[in-house]
Amino acid sequence: MTGTEIQVDGTSVAVPEGASLLAAVRAAGSDLPALCSDDRLSPAGSCRTCLVRAAGQTVAACVTPAAPGVHVETATDDLRQLRREAVEVIASALPPRALADGNPGELAEACRSMGIGPDTAQGAGGRGGDDSHPYVHLDRDLCIACGRCVRMCAEVQGTFALTLVGRGADTVVAPGTGGPWAESDCVACGGCVDTCPTGALTEPGPARGLTSAHRPPATRTTCGYCGVGCALDVVTAGGEITTVLPARDGPVNQGHACVKGRFAHGYITSPERLTRPLLRRDGRLEPVSWDEALGHVARGLRAAVAAGGPESVAAISSARATNEENYLVQKFMRAVIGTNNVDNCSRLCHSPSAAGLTASFGLSGGTDSFDDVERSDCLLVVGANPVEAHPVVGARLLRRVLHGAELVVADPRAVGLAAHADVHLRPRPGTNVALFHGLAHVLLAEGLTDEAFLRERATGLPELTELLADYPPDRVADITGVPAADLIAAARLYGGARSPAIVYGLGVTEHLHGTDGVRTLANLAILRGAVGTDRGHGVNPLRGQNNVQGASDMGALPDLLPGYGKVTDPAARARAEAVWGVPVPERPGLRIPDMFAAARAGRLRALWVIGEDVCATDPDANKVAEALRACPLVVCSELFLSETARRADVVLPVASWLEKDGTFVNFDRRFQRVRPAVPPPGEARSDFDVVHAVASAMDADLGCPTPAAALVECGRVAPLFAGLSHNRLDREGAVPWPCRDPGRPGEAKLHRDRFATADGRAHLAAAPYLPPGEHPDDDYPLILVTGRRWAHYNSGSMTRRGANLALDPVDLLDLHPGDAHRYAVRDGEPVTVESRHGRARLIARVGEQTAPGQVFCSFHFPTSGVNRLTSHHADTVTSCPEYKVTAVRVVVT
Ligand SMILES: Nc1nc2c(c(=O)[nH]1)N[C@H]1C(S)=C(S)[C@@H](COP(=O)(O)OP(=O)(O)OC[C@H]3O[C@@H](n4cnc5c(=O)[nH]c(N)nc54)[C@H](O)[C@@H]3O)O[C@H]1N2
Ligand SMILES: Nc1nc2c(c(=O)[nH]1)N[C@H]1C(S)=C(S)[C@@H](COP(=O)(O)OP(=O)(O)OC[C@H]3O[C@@H](n4cnc5c(=O)[nH]c(N)nc54)[C@H](O)[C@@H]3O)O[C@H]1N2
Ligand SMILES: [Mo]
């Protein structure tokens, strides 16, 4: 047996090696107050409330390691007295309200359990508070300067926004920037609030003082914002959400969360939520009954099929929705309508990852679990900004770096992680392929490759070697703007590491040659033998939406069935046909941009858009609007009257993730359960029920009446998921795919013995660098990169409807001081940005985060019109839009 065996009050307990005496005492079933301690943090040993006796010495249990064989005493009268005195000293300095009845804080609880009465708290108070921030309020009088919040912010979140100020008894937490909390560096992850033992830091409102330590009765679910897959506990009262707490045992988040999952649930009760179906009559959307709306949809779909055949109908399924809902949407399109015209927003996002990773390794998922990635000694983070877009992962990566892992960041912008990087490569947007070839060139030239691996488990080395001769560091420097010395330094770090890992984002995929970007990035891992082995942790896309991995896994794609069988493969079709009992069309369907083109050309007669605001988030938005105008029937399933819903003929009100049952698949391929915490508003129904209802309005029965039944049916079509069920997930929490057998665990790490390609080998790609689709010229001299900000989510439909709006009220355009000077733009001023495709209105922010010649903005406010700027250029393999490179000019108006 591994671990350490010790005696606690005469009872033998085993604890993991390196555990503290406090952990051992708790493992033995006793508890001690430990006001400066939190499992998520390094121990401080400052409050002296957890005193025990070990090997004859009185010690603070939280900072004392459990040495093998040691005898610990906790229950003697003198120890009880010492602990009680320590707690009393702390409590006596606080004002009476600190111990008031019903105060759920750890200190108040400790006092109650030790019989320390409320009258012990005799402090005068009067130090005031700070309620400037919407989610974090400070009551200075309750601060005991335990430093947990400060350590949480530094050690877990990595933001270092907090500090302790003042002396002695007057010491109190404060933002490091001085001023009010709202103007500090706080990113509202909620960590400080969750660890505070006294209620000095609280979430305002009904959740005041509640933390994950209390484990209040709650609904365990999976966050519906990004693809990290944080496990959350939703506390409710009277059918409304009181608070959302991070689950301490969450497999990915481990007791952490971000401003979206933790706090951005205000949209649920927004008066703008859709509560009734809407139907367009005389040009206006009017509320109607479900029967009327469904009847209209069914008649419209039938008419479209009658006029143009099944190919004239298409659906965009939602990566925000559950697996079961996506499974049902694609089944409806294939089995009821008879077309493969179904796609999801993976098209706009990581479709190049799916294509690239499949070509390189045979499967479309990231190759390793994030837990493994975190063990790596060298992280190569490419075109991803996890500090803002996947904050819990960003925090875990940063923690790893602060504990000694090397970090190479490749991003044109000075993103959050770059400040901690050993090397920050800043390629010109759109030049990744050259950059990766440059790194590969150095790996080869310096003998930093794994020759045995290349011989036994890879193909394509001769062709790649020949191509790489054209990519020496100097030439790569010319193309990318990255100094040759930096390139060499980065290659040496990656090449010399014990177990390097690659993590990447949309800065790789959303390009004219995004799939080549993924493949040539994967080359680096193959050259190093750092994929499918213990000598590295592979190539891992930070998938975006909560369930974009799942939407694709479920076959909401025009060329792939559930579990990635090709629609052109008779064997894959036969498997689906055997379960569905109808023929599956064999011609691949339309991709999202092709759906719009078909609509504009009059060939698409009905489009069902489920949970994607195509008019705000798809590129070249003016053309998207034109497509919707041209399409005779547009149905939109939505929470809000989005830009797309506004233009639809029928709008169906649906439930959001906090209101429904199912599963999501996160970025490292884990299936996790989604459970309803509150009912949907008004007449809104889950997407699952809506798809069923539309099918029955067309006299079709989709079978699988419940989400649980749908997942089981999916497992019959898709061997990759055959071992999964709701029951199993309820028992085990998270299970990764491939999971072929209910009795066996899923495979967190892929490709151990062989790659999933036809020949079992990893395929190196000898793709030459090709320039991006858009180039600056005299009229449009700047390169616009678009991407994300921490407080908002994509179209902003949910995060703008709540207090996140106060944290980040507008879409900003970042530009370099040199460019600001050249174009006479002042910080904070409204500007018009013009591209060859359209114009947008933004507020300028001058700073050094962007390089000269480049500007950056988010697309979280549809009214700013950012996607009217972006072009029709798209990845040549997958049609993923080139969101990251648009030539623009900035005009002060
Ligand atoms: N707060 C927040 N979180 C989100 C989202 C959100 O809207 N808001 N959206 C979710 C979704 S759907 C997704 S897909 C993910 C996306 O998560 P990320 O991929 O991290 O997001 P982006 O900010 O779009 O782009 C990442 C980075 O790519 C860089 N980049 C641009 N061009 C290039 C290039 O040519 N080479 C290199 N090496 N880098 C380049 C940009 O500077 C940017 O910092 O985030 C998810 N999480
Ligand atoms: N300029 C630029 N544009 C981009 C990007 C970029 O980097 N730059 N990134 C692209 C990427 S990666 C992505 S993924 C897309 C995302 O684009 P979208 O998918 O359009 O964005 P979201 O805001 O996530 O969600 C779309 C809609 O789904 C609704 N919704 C939420 N939950 C549910 C649900 O359970 N059911 C239903 N039916 N609806 C629901 C929301 O109200 C919202 O209106 O944006 C793309 N657009
Ligand atoms: Mo995305």
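Identification of the protein as Formate dehydrogenase subunit alpha from Streptomyces cathayae is taken from an unreviewed UniProt entry. Regarding the protein, the relevant UniProt record gives this comment under Cofactor (unreviewed entry): "[2Fe-2S] cluster".

With that settled, consider the overall build of the protein. For the protein, the count of helices and strands is 30 helices and 36 strands. For a compact globule of 893 residues, the expected C-alpha radius of gyration is about 29 Å, and the protein comes in at 28 Å, within 12% of that figure. If one aligns the C-alpha atoms of the protein with their principal axes, the spans along those axes are about 85 × 70 × 65 Å. In the protein, buried positions account for 63% of the 893 residues.

Each aromatic ring pair is specified by the distance between its two centres and by the angle formed by the two planes. On inspection of all chains with the given rule, the structure shows 11 aromatic pairs. Ring centres of Y225 and W657 lie 6.1 Å apart, and the angle between their planes is 70°; this geometry places the pair in the edge-to-face category. Taken together, the residues Y225 in the loop between β11 (219-222) and β12 (231-237) and W657 in the loop between β26 (650-653) and β27 (662-665) connect sequence positions 432 residues apart. The exposure classification of Y225 matches that of W657, with both residues buried. Following the ring pairs from residue to residue traces out a cluster consisting of Y564, F671, F721 and W737. The residue whose ring lies beneath R413 is F856, and the NZ or CZ to ring-centre distance is 3.5 Å. Residue placement shows R801 over the ring face of F640; its charged tip is 3.9 Å from the ring centre.

The next thing to look at is the sheet that holds strand β10 (residues 201-202). The strand order β6-β7-β10 describes an open sheet built from three strands, whose pairing is antiparallel. Two strands bound the open sheet, and with one partner strand each, they are β6 (129-130) and β10. Here two bridges tie strand β7 (residues 137-139) to β10, and the two strands are oriented antiparallel to one another. Within β10, the residue paired with H137 across the bridge is T202.

Moving on, we come to the nonpolar core. Ranked by internal contacts, the top residues of the largest apolar core, which has 107 residues, are Y267, L301, F332, W608, W657, F671 and F721. In terms of residues, this core owes the most to one element, helix α7 (residues 290-308), which gives seven residues. Leave out the neighbours within four places in its chain, and W608 touches A314, A315, I316, F332, V635, C636, S637, L652, V690, V691 and V694. If you look at the next biggest cluster of nonpolar residues, it comprises 50 residues, including A410, A434, L464 and A491.

We now examine the sheet that holds strand β13 (residues 240-246). In spatial order, the strands read β11-β12-β13; together these three strands make up an open sheet with antiparallel pairing. Looking at which strands have only one partner, the edges of the open sheet turn out to be β11 and β13. On average, adjacent strands in this sheet sit at an angle of 35° to one another, irrespective of strand direction.

Take E183: it is sitting in the loop between β9 (172-175) and α5 (191-195). For the pair E183 and L807, spaced 624 residues apart in sequence, the C-alpha separation works out to 9.2 Å.

When the UniProt feature table is mapped to this numbering, "domain: 4Fe-4S Mo/W bis-MGD-type" (unreviewed entry) covers residues 216-272. Taken end to end, residues 216-272 is 9% helix and 32% strand, and its two terminal C-alpha atoms sit 30 Å from one another.

Around ligand 2, the surrounding shell holds 31 residues, and the nearest of these are T617, E638, D687, S795 and S797. One nitrogen or oxygen atom from the side chain of E510 is found 3.1 Å from an oxygen atom belonging to ligand 2. Surface burial for ligand 2 is 99%, taken as the share of its 910 Å² of free accessible area covered by protein chains. No fewer than three residues from each of domain 3 (290-347 + 548-736) and domain 5 (782-892) sit in the shell around ligand 2.

What follows is about the pattern of salt bridges. Applying the stated criterion across every chain, the model contains 52 salt bridges. R248 is paired through a salt bridge with D38; the nearest N and O atoms lie 3.9 Å apart. With a gap of 210 residues between them, R248 in the loop between β13 and α6 (259-263) and D38 in the loop between α1 (21-27) and β3 (51-54) connect regions that are remote in the sequence. The closest approach of N and O atoms between R220 and D249, which form a salt bridge, is 2.9 Å. Here R220 is found in strand β11, whereas its partner D249 is found in the loop between β13 and α6, with 29 residues between them in sequence.

This brings us to the domain arrangement of the protein. Domain annotation for the protein reports domain 1 (3-92), domain 2 (123-269), domain 3 (290-347 + 548-736), domain 4 (351-541) and domain 5 (782-892). One C-alpha centre belongs to domain 1, the other to domain 2; they are set 26 Å apart. With 13 residues of domain 1 at the contact, the number on the domain 2 side is 15 residues. Of all residues in domain 1, the largest losses of buried area upon contact with domain 2 belong to L35, R40 and L41, amounting jointly to 56% of the total for that side. The interface formed by domain 1 and domain 2 holds nine residue pairs in polar contact (both at pLDDT 80 or more) in total.

Next up on the list: the site of ligand 1. The environment of ligand 1 is made up of 35 residues, and the closest members are A389, D411, R788, H792 and N794. H511 places a side-chain nitrogen or oxygen 3.1 Å from an oxygen atom of ligand 1. Every element with two or more residues in the shell around ligand 1 is listed here: α11 (386-389), α18 (506-509) and β31 (782-787). Looking at which domains feed residues into the shell around ligand 1, each of domain 4 (351-541) and domain 5 (782-892) gives three or more.

Here helix α9 (residues 351-361) crosses helix α19 (residues 514-527) at 40°, and the two axes come no closer than 8 Å. In terms of axis orientation, α9 runs oblique to α19. Note on packing geometry: the crossing formed by α9 with α19 is right-handed. Along its contact with α9, which presents P352, S353, A355, G356, L357, A359, S360 and F361, the element α19 presents G514, T515, V518, R519, A522 and I526. When grouped by side-chain class, the residues that make up the contact of α9 with α19 number eight nonpolar, five polar and one charged.

So, about the pairing of strand β24 (residues 606-610). Most of β24 sits out of view: five of its five residues are buried. Every second residue of β24 is oriented toward a common face, with A606, W608 and I610 on one face and L607 and V609 on the other, all of them buried. Pairing between strand β16 (residues 313-317) and β24: four bridges, direction parallel. Paired with A315 across the bridge in β24 is W608.

The next thing to look at is the packing of helix α22 (residues 592-600) against helix α24 (residues 621-630). In contact at an axis separation of 8 Å, α22 and α24 are set at 55° when each is read in the N-to-C sense. Taken together, α22 and α24 sit at an angle that is classed as oblique. As for how α22 packs across α24, the hand of that crossing is left-handed. Taken together, the residues of α24 that come into contact with α22 (itself represented by F596, A599 and R600) are K623, V624, E626, A627, L628 and A630. Taken together, the residues of the contact of α22 with α24 break down into six nonpolar, no polar and three charged.

Conventions we followed
- Residues numbered from 1 in each chain as written.
- Chains lettered and ligands numbered in written order.
- Predicted model: local features only at pLDDT ≥ 70, side-chain atom pairs only at ≥ 80, totals over all residues.
- Heavy atoms only, no water.
- UniProt positions renumbered as here; feature names shortened; annotations may be inferred.
- Helix = DSSP H or I, 4+ residues; strand = E, 2+ residues; numbered from the N terminus.
- Rg over C-alpha atoms; globule rule 2.2 N^0.38 Å.
- Buried < 20%, exposed > 50% of the residue type's maximum accessible area, 1.4 Å probe, protein only.
- Phe/Tyr/Trp six-rings, centres within 6.5 Å; stacked < 30°, edge-to-face > 60°.
- Lys NZ or Arg CZ within 6 Å of the ring centre and 35° of its normal.
- Pairing = 2+ DSSP bridges.
- Core = buried A, V, L, I, M, F, W, Y, C linked by side-chain atoms within 4.5 Å.
- Contact = heavy atoms within 4.5 Å.
- Axes fitted to C-alpha atoms, helices over the stretch in contact; angles between N-to-C directions.
- Near = heavy atom within 4 Å.
- Polar contact = N/O pair within 3.5 Å; in protein donor to acceptor, adjacent residues only side chain to side chain.
- Areas by Shrake-Rupley, 256 points an atom, 1.4 Å probe, with all protein chains shown as cover.
- Domains from an automatic or database assignment.
- Salt bridge = Lys/Arg side-chain N within 4 Å of Asp/Glu carboxyl O.
- Buried area = accessible area lost by both parts, 1.4 Å probe.
- Parallel < 35°, antiparallel > 145°, perpendicular 65-115°, else oblique.
- Left-handed = near helix turned anticlockwise from the far one by under 90°.
- Nonpolar A, V, L, I, M, F, W, Y, C, P; charged D, E, K, R; others polar.

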